[in-house]
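# Notes for the structure review
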Amino acid sequence: MTKAASVVQGALTRFLMERSKPLILTVFRQRQVLSVEGDPALYGIRNGDFGSVLELVRNLLVGVDAERLTVWPLVDIGNRRHTSILWVPDKPNDHIIVTDAEMCGEELTERQQAANELALANVEKSKTIRELKAVRDELQAKSAALNEIHKFQRRLIDTLSHDLRTPLTSISGYAALLEPHLAENPVTMRALSAIQRNATYLKNLAENLLHLAAADNGSAPLLAHPFALEQLAEDVESIIRPMADGKRLRLNVDWQSTVQKMPVFDDLRLRQILLNLVSNAVRYTREGKVDVELRYDGDQLTLRVTDTGIGIASEYQDTIFEPLNRGAQQGCEGAGLGLSIVKQLVEQMGGTIALQSAVGVGTRIQIVLPERAAALEPAAARAEPSLRVQSERVIIVDDDPDVAEMLVWSLHEIGYMPQLIHDPSVLLARVAAQPPGLIIIDVDLGVRSGLAVTQELRLRGYTGSIIVFSGANNTNTRQAAKAAGADAFLAKPLDMPKFLAWMKRLLPGA
Amino acid sequence: MSEARKICLLGDFAVGKSSLVARFVRNTFSDKYLTTVGVKVDSKEVRLTDRAVKLVVWDLAGKAELDSLNKTYIRGAHGLMLVVDGTREASLRAALYLWMQSQKQLAQVPVVLMINKLDMIDRWEVSSADIARLSESVPTFRTSALSGEGVEAAFTTLAQRVTERP
Ligand SMILES: Nc1nc2c(ncn2[C@@H]2O[C@H](COP(=O)(O)OP(=O)(O)O)[C@@H](O)[C@H]2O)c(=O)[nH]1
Ligand SMILES: [Mg+2]
């Protein structure tokens with residue numbers, strides 16, 4: 001028993017000594033090493049320099065009773081080397097035992113490091129997710145708010161431009177009707193031309209606003225048709241002439257084609273480009289002239305507008321085509337929307353703009369547009385209006401009394417006695433009983449779309465002429481009008497000369 | 001020879017205990033994270049207005065609660081330094097819990113609280129309202145082991161407190 005016990009004890013001692021590689025120091029007053037057992041080098045101690053071990057032990061003993069045996073397991077002695085340290089007080093000298101805890105330390109370190117890093121990564125991850133969520137929520141809220149504002153603005157622009165057109169039709173229409181009656185009096189003539197000029201500015205503004213609102217919905221596709229260059233030149237001149245005359249400016253509109261064939265472009269947009277450029281030129285020219293040149297060579301169309309106006313300082317020439325630029329406040333041309341819309345349209349049509357300008361001398365803007373096959377849609381050749389007049393009767397269908405009355409009055413002027421109808425069902429009954437030669441119908445009727453009424457008229461076999469007019473001057477409505485069976489489409493505000501030209505075409509003896 | 005005082009750093013893992021010691025004792029900083037295993041003991045002489053004191057700083061392995069090993073280590077401590085990572089709200093709760101646990105074993109010893117990682121203040125979760133409330137009951141310092149801000153002040157304050165005691 002005792003023998004076995006002593007054998008066991010011996011084995012255990014050897015085993016523990018081997019594993020723990022103890023360094024046993026006998027020390028005097030924690031400051032001086034008297035004897036050493038074991039290998040100091042194992043614990044990084046060289047040349048008998050025990051200073052740091054003694055210092056460590058003195059530190060460890062702070063706050064504890066140095067008269068008692070104390071153990072400090074897993075002490076990092078530097079370089080992440082782990083030991084267990086025993087303090088064995090004795091008389092006359094004390095002992096320090098340093099044992100190797102590396103086996104245990106190393107494994108612990110690895111495990112703990114991995115666990116802590118994982119935990120940290122999780123903390124970071126959930127934090128990042130939280131932050132991302134917050135950012136996302138914020139962005140969503142912001143974008144929803146912006147969307148609301150955007151929608152509202154679009155509706156506002158849409159409504160505004162729409163509502164501008166109807167009264168403008170009355171203003172310019174009545175003004176045109178007054179002209180022959182007031183021609184003798186220079187004062188009233190001047191006043192009338194000022195009314196005309198400003199109505200034209202406003203019309204153009206309404207056009208531009210509507211274009212902006214529409215462009216927001218993704219710009220509409222280009223619709224190219226063959227068209228007469230001469231017609232475009234005349235159109236633009238007829239609109240701008242009163243403005244130029246009112247300011248006593250010379251206006252020169254010149255067109256030239258070096259080939260026989262008709263140019264194929266989206267003429268609605270060409271018109272918009274030219275109107276913006278020319279009305280701008282007139283607006284910012286105090287004296288002198290405005291020259292408009294249209295050139296077609298079979299491949300490209302060149303539009304050139306030259307004025308003797310106030311010019312654009314070089315520092316504004318880069319921004320003059322930006323929307324709402326500040327050029328005009330500085331006395332330069334180009335404020336507002338016009339030029340930015342020109343730029344947008346020209347880009348859409350694959351063309352280029354060149355600007356030459358000098359302050360006090362004038363400005364020249366030249367636009368070159370390629371006739372691109374790619375931009376062409378199946379050319380819906382403009383159907384020439386058929387002159388299927390069966391009687392001299394004209395019916396006007398419009399629920400806006402001002403516009404309706406103006407139309408009635410202008411037809412009086414050319415010798416017709418039109419009938420005014422507000423209700424489409426009354427119209428259908430009348431037409432069935434006695435078909436008129438011409439029906440002029442508004443698209444935006446309160447109860448029913450003028451387009452639907454037009455279609456129904458055609459389905460019922462009505463063969464007289466139909467003119468559809470609308471505040472929505474876009475290619476869609478134009479096409480829809482044609483598709484419904486209208487002979488002509490006119491945009492509000494009505495361009496009186498154009499309207500009367502159509503009257504002449506569609507009515508005998510007008 | 002100046003008197004020596006034992007102080008222990010308590011706080012959740014990776015709040016910056018080892019980094020604060022490195023800044024305080026050696027004026028260094030490393031952004032590499034090396035977990036502390038067991039304990040690392042350092043010391044530094046601190047000069048107060050009327051005397052010098054040798055602070056023996058025990059940097060314990062960070063845990064959210066006091067394990068038996070750490071209970072052995074904190075025996076005889078004269079003061080405690082609670083360390084919180086300002087960017088981790090949970091580390092504040094851990095520090096307060098460790099403090100409570102240590103009180104079972106230590107008599108009322110002076111305590112100083114460090115809200116660390118001040119250089120990352122824009123990512124802090126610990127609110128200034130919380131800090132204001134805490135500083136009513138314990139000296140509280142906003143610190144950065146990275147920049148060194150507040151570190152000296154926190155250790156000096158604790159040195160002061162642990163030497164005032166009889
Ligand atoms: N930015 C920044 N990082 C710190 C600061 N203190 C510590 N760290 C980092 O936080 C991590 C954990 O630090 P450590 O001192 O090991 O934390 P311990 O586990 O509490 O000892 C390491 O990557 C450090 O570099 C600090 O004040 N600012
Ligand atoms: Mg550490």
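## Brief notes about the site of ligand 1
Residue and element names in this part refer to chain B. Lining the immediate surroundings of ligand 1 are 20 residues, of which Ala14, Lys17, Ser19, Asp119 and Ala145 lie closest. Within the contact set of ligand 1, an oxygen atom lies 3.5 Å away from a side-chain nitrogen or oxygen of Ser144. Taking 580 Å² as the accessible area of ligand 1 by itself, protein coverage stands at 91%. Sorting elements by how many residues they give to the shell around ligand 1 places helix H1 (residues 17-26) first, with three residues.

## Details of the interface of chain A and chain B
Interfaces are frequently sized by the accessible area removed from exposure as the parts join. Each partner contributes residues to the interface: chain A has 31 residues there, and chain B has 30 residues. Looking only at chain A, the three residues that lose the most surface to chain B are A:Asn59, A:Val62 and A:Gln112, adding up to 21% of its buried area. At the boundary of chain A with chain B, the tally comes to five salt bridges. For B:Arg123, the salt bridge goes to A:Glu131, with nearest N and O atoms at 3.8 Å. Taken together, the links from chain A to chain B amount to 17 residue pairs in polar contact (both at pLDDT 80 or more). When residues of the side of chain A that touches chain B are traced back to their parent elements, those giving at least two are helix H2 (51-61), strand S3 (70-76) and helix H3 (102-182) of chain A. If one sorts the elements of the side of chain A that touches chain B by residue count, H3(A) sits on top with 14 residues. Classifying every residue of the side of chain A that touches chain B gives 13 nonpolar, nine polar and nine charged. Taken together, the two bridges between S3(A) and strand S2 (residues 39-47) of chain B define a ladder with parallel strand orientation. Each residue of the ladder has a partner; that of A:Asp76, found in S2(B), is B:Lys40.

## Things to note about helix H7 (residues 338-348) of chain A
Where H7(A) is concerned, the buried positions are A:Gly338, A:Leu339, A:Ser340, A:Ile341, A:Val342, A:Leu345 and A:Val346. Of the residues one or two after H7(A), A:Gly350 is the one with positive phi, at around 75 degrees.

## A few points about the sheet that holds S3(A)
What the eleven strands build is an open sheet, ordered S2(A)-S1(A)-S5(A)-S4(A)-S3(A)-S2(B)-S3(B)-S1(B)-S4(B)-S5(B)-S6(B); its pairing is mixed. With partners counted over all chains shown, the strands left at the sheet margins are strand S2 (32-37) of chain A together with strand S6 (140-142) of chain B, one partner each. With direction set aside, neighbouring strand axes in the sheet form an average angle of 30 degrees. Of the strand pairs in this sheet, strand S1 (residues 23-28) of chain A and strand S5 (residues 94-100) of chain A are connected by five bridges, and their pairing is antiparallel. Counterpart to A:Val27 in the pairing with S5(A) is A:Asp94. Against the sheet, helix H3 (residues 89-103) of chain B contacts strand S1 (3-10), strand S4 (79-85) and strand S5 (111-116) of chain B, and its axis sits at roughly 160 degrees relative to S4(B).

## Some details on the coordination of the magnesium ion (ligand 2)
Binding of the magnesium ion (ligand 2) to the protein goes through B:Ser18 (OG) and B:Thr36 (OG1), at separations of 2.1 Å. Residue B:Ser18 is located in helix H1, and its partner B:Thr36 is located in the loop between H1 and S2; the two are separated by 18 residues in the primary sequence.

## Details of the packing of helix H8 (residues 401-413) of chain A against helix H12 (residues 496-506) of chain A
All names here are of chain A. Interaxial distance between H8 and H12 falls to 12 Å at its minimum, and their mutual angle equals 60 degrees. In terms of their interaxial angle, H8 and H12 are classed as oblique. Crossing hand, H8 versus H12: right-handed. Across from Met406, Leu407, Ser410 and Leu411 in H8, the residues of H12 making contact are Met496, Phe499 and Met503. Residues belonging to the contact of H8 with H12 are distributed by class as follows: six nonpolar, one polar and no charged.

## Focus on the sheet that holds strand S10 (residues 300-307) of chain A
All names here are of chain A. Sheet architecture is open: five strands sit in the order S7-S9-S10-S12-S11, paired in mixed fashion. Strand pairing shows two members of the sheet lacking a second neighbour, strand S7 (250-257) and strand S11 (352-358), which therefore form its edges. Pairwise comparison of adjacent strand axes, ignoring direction, gives a mean angle of 10 degrees for this sheet. Relative to S7, helix H5 (residues 229-246) is tilted by about 175 degrees, and along the sheet it contacts S7, strand S9 (289-296) and S10. Contacting S7, S9, S10 and strand S12 (362-370), helix H6 (residues 267-283) runs over the sheet at an angle of about 15 degrees to S10.

About the thresholds
Residues numbered from 1 in each chain as written. Chains lettered and ligands numbered in written order. Predicted model: local features only at pLDDT ≥ 70, side-chain atom pairs only at ≥ 80, totals over all residues. Heavy atoms only, no water. Near = heavy atom within 4 Å. Polar contact = N/O pair within 3.5 Å; in protein donor to acceptor, adjacent residues only side chain to side chain. Areas by Shrake-Rupley, 256 points an atom, 1.4 Å probe, with all protein chains shown as cover. Helix = DSSP H or I, 4+ residues; strand = E, 2+ residues; numbered from the N terminus. Contact = heavy atoms within 4.5 Å. Buried area = accessible area lost by both parts, 1.4 Å probe. Salt bridge = Lys/Arg side-chain N within 4 Å of Asp/Glu carboxyl O. Nonpolar A, V, L, I, M, F, W, Y, C, P; charged D, E, K, R; others polar. Pairing = 2+ DSSP bridges. Buried < 20%, exposed > 50% of the residue type's maximum accessible area, 1.4 Å probe, protein only. Axes fitted to C-alpha atoms, helices over the stretch in contact; angles between N-to-C directions. Donors = N, O, S within 2.8 Å, 3.2 Å for Na, K, Ca; no water. Parallel < 35°, antiparallel > 145°, perpendicular 65-115°, else oblique. Left-handed = near helix turned anticlockwise from the far one by under 90°.

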